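# A look at the structure
Now for the letters of each chain:
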Amino acid sequence: MNNPNISIRPYDAATDIKILSAIWLDASRHAHAFIGEERLLEQQKLVEEIYLPKAETTVACLGGEPAGFISLLGNFIGGLFVAPMHQGRGIGRRLVAHALEEKGELSLEVYLDNAQAVGFYKRLGFRELSRRPVDDQGLPFANALMHLAKD
């Protein structure tokens, strides 16, 4: 889907941190409900204080307003989040395409319990390289490592 209303721009720490944090939390509540609200609120602090400031983040806007973002650590997608009310409009696809154009290849880890995201990445051509039964905190949330290279 090529939505001409989507614009892509770099992250602006001065104006974007709170809105991207809110998008992250809203999207995470939908996609990662299995993690639990308390843990999501703890992670939101890390998103604001560590992850967004340290990552190379690109923002997708609809009508000039942020609707989603992708955060990269090198060619690793640390996060791809689209506001639930804007999902299905090609925003995530555009963000991944932009990142792939910039980096040439991308990798990521995705929670296997997030079937919507797993399917999304597979439709984009990501292939699974490996799985692990726990997340970065050692909790029993299985992850898959996936990779995509530019043609």
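Residues numbered from 1 in each chain as written. Predicted model: local features only at pLDDT ≥ 70, side-chain atom pairs only at ≥ 80, totals over all residues. Heavy atoms only, no water.

## Comments concerning the overall build of the protein
Along its length, the protein carries four helices and seven strands. Helices and strands in the protein line up, N terminus first, as β-α-α-β-β-β-α-β-α-β-β. Its C-alpha atoms give the protein a radius of gyration of 15 Å, near enough to 15 Å, the size a compact globule of 151 residues would have. Counting only C-alpha atoms, the protein reaches 40 × 35 × 25 Å along its principal axes. The buried share of the protein, reckoned over its 151 residues, is 44%. Of the contacts formed within the protein by residues at least 6 apart in sequence, a portion of 60% connects residues at least 24 apart. A total of about 8,100 Å² of accessible surface is found on the protein, and carbon and sulfur atoms cover 53% of it. (Helix = DSSP H or I, 4+ residues; strand = E, 2+ residues; numbered from the N terminus. Rg over C-alpha atoms; globule rule 2.2 N^0.38 Å. Buried < 20%, exposed > 50% of the residue type's maximum accessible area, 1.4 Å probe, protein only. Contact = heavy atoms within 4.5 Å. Areas by Shrake-Rupley, 256 points an atom, 1.4 Å probe, with all protein chains shown as cover.)

## Brief notes about helix α3 (residues 91-103)
Taking 1.5 Å of rise per residue, the 13 residues of α3 would be expected to cover 18 Å, and the 18 Å separating its terminal C-alpha atoms lies within 8% of that figure. Within the span of α3, buried status applies to I91, G92, L95, V96, A99 and L100. Looking straight down α3, one finds its buried side chains confined to an arc of 165°; they lie on one side. (Expected span 1.5 Å × (residues − 1). Arc of directions from axis to C-beta.)

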